[in-house]
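Each chain, written out:
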Amino acid sequence: MGSIEHYRPVMVMVVLQFTYAIMYISARASLLHGMSPRVFVFYRQAFGTLFIAPVAYFFRNKSESSSMGWKSFSLIFIAALIGVIATLKMKANIKGAKLINARLPSSNSSSLNATESDKVWLLGCLCLFVACCCWSFWLIIQVYPISNTADPLSLSAWMCFIGTMQCAVVTLFTDPYLDAWKIKSYLQLSTCLYAGIVGSGISICAQAWVIERRGPVFSAMFNPLNTIIVTILASIFLQEQIYVGSVIGAIGVIIGLYVVLWGKAKDVAMIKEAEEKKMLSENNRLKIVEVWVDESELTELFLPHK
């Protein structure tokens, strides 16, 4: 039973990577069918808020106060903003990377095509780099709100709600036309529902639970696994080609992930062993003090009274 409890954060993170991978594949299909990335992020946060807010209200721990200070609220606001920026960068790269092959003109302008393609791919790499930095900062900045908020459900609800407001403000300026806000197919609707309910509402709550128990570094270690799952699913459902370099890189990622997990497990075992030794030394010291007190009481008991 103890071993299952110890590996429960690992299982949660693995399941989260599969849910993220499904969301990325469905989001890519929806974006390629003409949906705006900013509108998609807005609907994702909005559907996540509509799902997680009632759950957080009815299933909150009523024995604890759910209020938060200004510091926690400001950090949640910043975390939501960073999460929105990271998501926008990822969605823009997901859409742009696939549209490169569709938009490149053919025939006698191959050098111009190569230049345009290189520029777009460099911009996509830059967007991914910014998104990874924002994602890492988003994981780190959650530590204080998680430790000062009543439960992960409340944190998830607040973050989805604030993210919805931020996306609404940005999208009203970038996509002011009503046609851009329309959901035009069942694929786009199901993608927005899945991304909101699972990709935002449930995943933020699960991520907060893992960070609370293992820290942000442990949570970030599983991100390379997401790349492998997305690659496999994209080859199956989007008919994308898998190259030998991708397979070698995936194997290297899996080996690196297990090495890091093994190292983290060793660190946890060493910390627990040090804590147990410290507790044993303190208990022995307390026993010595108790014996000393008992012996002093006995000597006082048998001393002749004057």
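Calculation notes
Residues numbered from 1 in each chain as written. Predicted model: local features only at pLDDT ≥ 70, side-chain atom pairs only at ≥ 80, totals over all residues. Heavy atoms only, no water. Helix = DSSP H or I, 4+ residues; strand = E, 2+ residues; numbered from the N terminus. Buried < 20%, exposed > 50% of the residue type's maximum accessible area, 1.4 Å probe, protein only. Contact = heavy atoms within 4.5 Å. Areas by Shrake-Rupley, 256 points an atom, 1.4 Å probe, with all protein chains shown as cover. Polar contact = N/O pair within 3.5 Å; in protein donor to acceptor, adjacent residues only side chain to side chain. Bend = angle between axes of the 7 residues up to and from the residue. Axes fitted to C-alpha atoms, helices over the stretch in contact; angles between N-to-C directions. Parallel < 35°, antiparallel > 145°, perpendicular 65-115°, else oblique. Left-handed = near helix turned anticlockwise from the far one by under 90°. Nonpolar A, V, L, I, M, F, W, Y, C, P; charged D, E, K, R; others polar. Phe/Tyr/Trp six-rings, centres within 6.5 Å; stacked < 30°, edge-to-face > 60°. Lys NZ or Arg CZ within 6 Å of the ring centre and 35° of its normal. pLDDT = per-residue confidence, 0-100. Salt bridge = Lys/Arg side-chain N within 4 Å of Asp/Glu carboxyl O. Core = buried A, V, L, I, M, F, W, Y, C linked by side-chain atoms within 4.5 Å.

Here we look at the overall build of the protein chain
Per the secondary structure count, the protein chain includes 10 helices and zero strands. For the protein chain, the N- to C-terminal ordering of α and β elements is α-α-α-α-α-α-α-α-α-α. Going through the 306 residues of the protein chain one by one, you find that 38% of them count as buried. If you take every contact in the protein chain between residues at least 6 apart in sequence, the share linking residues at least 24 apart comes to 89%. Carbon and sulfur atoms form 70% of the exposed surface of the protein chain, whose accessible area is close to 18,600 Å².

Let's talk about the side chain of Thr19
Assignment of secondary structure puts Thr19 in helix H1 (residues 2–32). Under the relative-accessibility criterion, Thr19 is labelled buried at 16%. At 2.6 Å, the side chain of Thr19 forms a polar contact with the backbone oxygen of Leu16. Leaving out residues up to four positions away in the same chain, Thr19 has contacts with Tyr194 and Val198.

Focus on helix H7 (residues 186–214)
Largest kink in H7: about 40°, centred on Ser203. Phi for Gly215, located one or two positions after H7, is positive at around 95°.

Structural notes on the packing of helix H2 (residues 37–58) against helix H6 (residues 152–174)
Here H2 crosses H6 at 150°, and the two axes come no closer than 8 Å. Between H2 and H6, the interaxial angle falls into the category roughly antiparallel. Considering only the axes of H2 and H6, their crossing is left-handed. Looking at side-chain class alone, the contact of H2 with H6 contains 15 nonpolar, nine polar and one charged residues.

Some points on the packing of aromatic side chains
Each pair of aromatic rings is reported with the distance of its centres and the angle of its planes. Summed over the entire model, instances satisfying the criterion amount to six aromatic pairs. Grouped by ring-pair contacts, the aromatic residues Phe42, Tyr43, Phe47 and Trp181 constitute a single cluster. Across from the ring centre of Phe218, 5.0 Å away, lies the NZ or CZ of Arg214, which sits over that ring.

A closer look at the confidence of the model for the protein chain
Detail in the predicted coordinates should be disregarded across regions flagged by low pLDDT. Confidence in the prediction for the protein chain averages 75 pLDDT; 73% of positions are at 70 or higher. The element-level mean pLDDT for the protein chain is lowest in helix H3 (residues 70–103), coming to 59, with H2 highest at 90. Under a pLDDT of 50 for its full length, residues 96–112 has, in the predicted model, 13 contacts with residues more than four places off or in other chains.

A few points about the environment of Thr231
Relative to the helices and strands, Thr231 is located in helix H9 (residues 223–237). Thr231 sits in the partly exposed class, given a relative accessible area of 31%. Separated by 19 residues in sequence, Thr231 and Ala250 place their C-alpha atoms 9.1 Å apart.

Things to note about the pattern of salt bridges
Any two side chains of opposite charge can pair, on the condition that their charged atoms come close. This model, assessed by the stated rule, comprises three salt bridges. With a closest N to O distance of 2.7 Å, Asp175 and Arg38 form a salt bridge. In this pair, Asp175 is assigned in the loop between H6 and H7 and Arg38 in helix H2, connecting sequence segments 137 residues apart. A residue is classified by how much of its surface remains accessible, and Asp175, at 10% relative accessible area, is buried. With relative accessibility at 29%, the residue Arg38 sits in the partly exposed group. Salt-bridge contacts for Lys184 lead to Asp179; the nearest nitrogen and oxygen are separated by 3.3 Å.

Regarding the nonpolar core
With 56 residues, the main nonpolar core has Met35, Phe40, Tyr43, Trp138, Met159, Phe218 and Phe222 as its most contacted residues. Put simply, the parts of the chain that give this core at least two residues each are H1, H2, H3, helix H4 (110–141), H6, H7, H9 and helix H10 (244–302). In terms of residues, this core owes the most to one element, H1, which gives 10 residues.

What about the packing of H2 against H7?
With their axes 7 Å apart at the nearest point, H2 and H7 run at an angle of 60° to one another. Regarding the angle of H2 to H7, the classification is oblique. Between H2 and H7 the crossing geometry is right-handed. Across the interface between the two elements, Phe40, Tyr43, Arg44, Gln45, Phe47, Gly48, Phe51 and Ile52 of H2 pack against Thr191, Cys192, Leu193, Ala195, Gly196, Ile197, Gly199, Ser200, Gly201 and Ile202 of H7.

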